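Overview (structure and organization)
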Amino acid sequence: MAKKKYEGKYAEMAERFRKDGCDEYTVEKFIRQQMEEDEFEIGYGTTDIEAIKEWKKIPEDVRDMLLHNAFCRNCGEATFKLGYNLRLDKFGVVIEGVCDKCGGRICRCCY
Ligand SMILES: [Zn+2]
């Protein structure tokens, strides 16, 4: 019996994935994705629906790279903390959020 690590609807989702035969790694990945999507909706600031659409067109491995390859004035290379916002400017998607390490504000352009 796996220990309970998710609450509410995430627990239900996890249960469903497990029944479908997903291993814990895959379950974790799906739940994390869902949580990130939910954070987009409840996140601070404004996240543009169009920006989310553009963001989803970017391959997952590239998105992952972008999120872990921002620049923080305090830390140098930085990772976005969950709860970042997406915004669309005339060139493409811009990620705005805070540094996972120091909490400083960082942003990154995806182009
Ligand atoms: Zn930092």
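Structure's up top.
Residues numbered from 1 in each chain as written. Predicted model: local features only at pLDDT ≥ 70, side-chain atom pairs only at ≥ 80, totals over all residues.

Some remarks on the sheet that holds strand 3 (residues 85-88)
Reading across the sheet, the three strands line up as 3-4-5 and stay open at both edges, with antiparallel pairing between neighbours. On the outer flanks of this sheet lie strand 3 and strand 5 (105-109), each paired with one strand and no other. Neighbour to neighbour, the strand axes of the sheet diverge by 25 degrees on average, direction disregarded. As paired strands, strand 3 and strand 4 (residues 93-98) are joined by four bridges and run antiparallel to one another. (Pairing = 2+ DSSP bridges. Helix = DSSP H or I, 4+ residues; strand = E, 2+ residues; numbered from the N terminus. Axes fitted to C-alpha atoms, helices over the stretch in contact; angles between N-to-C directions.)

Re the environment of R63
If you trace the backbone, R63 turns up in helix 4 (residues 60-67). By the C-beta count within 10 Å, which is 16 here, R63 ends up partly exposed. Here the alpha-carbon distance between R63 and C110, two residues 47 residues apart in the chain, equals 8.5 Å. Not counting residues up to four positions away in its chain, the partners in contact with R63 are W55 and I58. (Buried ≥ 20, exposed ≤ 12 C-beta atoms within 10 Å, placed from the backbone. Contact = placed C-beta atoms within 7 Å.)

Some remarks on the pairing of strand 4
Across the two faces of strand 4 the burial differs, with V93, I95 and G97 buried and V94, E96 and V98 not buried at all. Examined bridge by bridge, strand 4 and strand 5 share five bridges and lie antiparallel to one another. Its bridge partner lying in strand 5, E96 is registered against C107. In sequence, strand 4 turns back onto strand 5 through a hairpin of six residues, with G103 there showing a positive phi of about 80 degrees.

Any link to function would need more than the numbers given here.
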